[in-house]
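Structural characterization, general
Here is what each chain is made of, one letter per residue.
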Amino acid sequence: MHPATRFHYNCSPVTLPARGSCRGLHAGAATLSTSRNSPLPFGPARPAIALLHGWLRACILLTAALAALCPGEPVYALGTLAGTAIHNVSRVEYMIAGTGSSAASNIVSFLVDEKLDVNVAWQDAAGIGVSTPDTARVTTFLLTNTGNGNDSYRLSVDDGAGGDQFDPVAVDIYLDGNGNGVFDAGTDPQYVAGGNDPVLAPEASQLVFVCNTIPAGLHNGDLGNTVLIAISNTGSGTPGTVLVNAGDNNTSAVIGSSGGSGRATGSYLVNAASVTLLKSVVITDPQGGSQPVTGARLDYRINATVTGTGVASDVVITDPLPANTTYTSGSLSMNNLALTDAADGDAGDVGASSANTVTVHLGDLSGASPVQTVSFEVVIN
Amino acid sequence: MKTSVRISTGLLLSFLSFSVLAQIEVSARAETEVVETAATGEKIVKRIDATTVVPGAEVIYTINARNTGSDPAKHVVVTNPVPQSTVYVDGSAAGDNTDIMFSVDGGKSYAHADKLTVHDENGKPRKAEAADYTNVRWTLRSELQPSRQLPVSYRVKVK
């Protein structure tokens, strides 16, 4: 845990500074943001198979007390429940001197031990698309008790595993408290190690949300892995290790093939949609030349190009008017379509959103979008 | 039998009938195998009484029928259901001089392993597998003489 960098409940849309540049006389600025949602599968179905066993005959023959031993306990796909008593009675039938008789044996019983097994599975189909930098992005894991007894699990995140281009920075772990399969900021409880370790019955599952922050300065296509680790609080270690009386119903707990711990790797994929702004100017002086003299007309043109994967959301171009110039009313256009100067229904304005500044909303752009062009005219005073 | 003169005919009959019942006694035990390494490095398989068993492990049931009476017993048949939450281990039933059969219908009928069929979920018959067995039956091929024993055994795997 990193309390100092804890990010509270802001795990969906993010904004980040532009990577765009503006060449020419004046600086420009663009804002881009991306947001992603990943569908989450729900936990596996819980098959409960009840088998009718061959106790029938024995039960009829035995006394009412023995009939209480008849089957009824469910058998789970992952093994008989820890603490289940398994009884057995044998019978013998025979004839002596022409008379048939029978006898029942003693009842032999044993208890089923608890097997400690756990599984963690990453739920997102592919790397979570992120920006660089990015704040508190959620990826989802499914924790399943694959043992046959009740157990609880200590969770932790390892972002330092290799095989990737960057390390996400773990912020928080959340539990799907309301069981709806998606992260609900402010509703799903934050996980506190030792405080609310998930307690799971056999075959029960818990969705776990891991929040990571993404560093700055990464490149489009960079992969960052984040590993969720769950360790049985009853016991973990070498498979086959017996922990006397640690299991349900005072049975022994035996560490299963998982070693009593599970881990799964999730990943983030940098979708660095970068916006490049190219600004150019054509000068026309009153004499028909191209000298920047008083009365000369400056035709500015800004081309916005998006590269990389992902979507740059709500791209806005702002460009302060040059000093000592006067904006030519009605000269603003976007993609060769005129825009009014006022802040109204169209995408742009001059001086309304920001004083002495051209502001144009280009909307959501991706690498597939055509080049966006904003143009306007000023006259040198 | 000094007291017999003072008990009623009915009680005497029931006592006689009890003494007939007690002619063969049957006992059962459940064990698991543990492998121990001797000082020589030799691996020794030891059987211990099963008190707690981990899922997936095998349990050995040993059943012993003893003729405690004075008359030989004919048609001696030992039966044992495969307990709930366990599966019969293929080929594990043993018993000297016995005919071993299995049931897949809770003990209503028995047949040799290769003659048993069950119906799949589509109602089609198929050859029964060890996991389908519900009961095991040993039929002694000869009489069980007084003071002789009939030990039989089989294994199950805990689900």
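Going by the structure above, here's the rest.
Overview of the structure. Predicted model, so just to flag it, every value in this text is computed and none were measured.

Calculation rules
- Residues numbered from 1 in each chain as written.
- Chains lettered and ligands numbered in written order.
- Predicted model: local features only at pLDDT ≥ 70, side-chain atom pairs only at ≥ 80, totals over all residues.
- Heavy atoms only, no water.
- Helix = DSSP H or I, 4+ residues; strand = E, 2+ residues; numbered from the N terminus.
- Buried < 20%, exposed > 50% of the residue type's maximum accessible area, 1.4 Å probe, protein only.
- Contact = heavy atoms within 4.5 Å.
- Areas by Shrake-Rupley, 256 points an atom, 1.4 Å probe, with all protein chains shown as cover.
- Pairing = 2+ DSSP bridges.
- Axes fitted to C-alpha atoms, helices over the stretch in contact; angles between N-to-C directions.
- Polar contact = N/O pair within 3.5 Å; in protein donor to acceptor, adjacent residues only side chain to side chain.
- Buried area = accessible area lost by both parts, 1.4 Å probe.
- Salt bridge = Lys/Arg side-chain N within 4 Å of Asp/Glu carboxyl O.

Let us look at the overall build of chain B. Along its length, chain B carries one helix and 12 strands. Along chain B, helices (α) and strands (β) appear in the sequence α-β-β-β-β-β-β-β-β-β-β-β-β when read from the amino end. Counting the 159 residues in chain B, one finds 38% classified as buried. Taking contacts inside chain B between residues at least 6 apart in sequence as the whole, the part at least 24 apart equals 71%. Taken as a whole, chain B presents about 8,800 Å² of accessible surface, with 53% of it coming from carbon and sulfur.

Strand order in this open sheet of five strands is E8(A)-E7(A)-E5(B)-E11(B)-E8(B), and the pairing throughout is antiparallel. At either margin of the open sheet sits one strand with a lone partner, and together these are strand E8 (99–104) of chain A together with strand E8 (98–103) of chain B. Along the sheet, successive strands turn relative to each other by an average axial angle of 20°, direction set aside. Inspection of the sheet shows E8(B) paired to strand E11 (residues 135–140) of chain B by six bridges, in the antiparallel sense. Across the sheet, the residue bridging to B:Ser103 is B:Asn135, located in E11(B).

What follows deals with the side chain of A:Asp222. All names here are of chain A. Note that Asp 222 resides in the loop between strand E17 (205–214) and strand E18 (223–232). A distance of 2.9 Å separates a polar side-chain atom of Asp 222 from the backbone nitrogen of His 219. Here Asp 222 is in contact with Gln 165, Phe 166, Tyr 268, Leu 269 and Val 270, once residues within four sequence places are set aside.

All names here are of chain A. Within E17, eight of the 10 residues are buried, leaving the element largely enclosed by the surrounding structure. Sheet topology note: the strand E13 (residues 134–145)/E17 ladder contains nine bridges and is antiparallel. Bridging across to E17, Thr 140 finds its partner in Phe 209.

Now for the interface of chain A and chain B. The interface of chain A with chain B comprises 39 residues on the first partner and 44 residues on the second. Of the roughly 3,400 Å² buried where chain A meets chain B, counting both sides, 58% is carbon and sulfur surface. Across the contact surface, chain A and chain B share zero salt bridges. In this structure, the connection of chain A to chain B is made through 14 residue pairs in polar contact (both at pLDDT 80 or more). Elements with a contribution of two residues or more to the side of chain A that touches chain B: helix H1 (55–61), strand E5 (79–80), strand E6 (85–88), strand E7 (91–96), E8 and strand E9 (108–112) of chain A.

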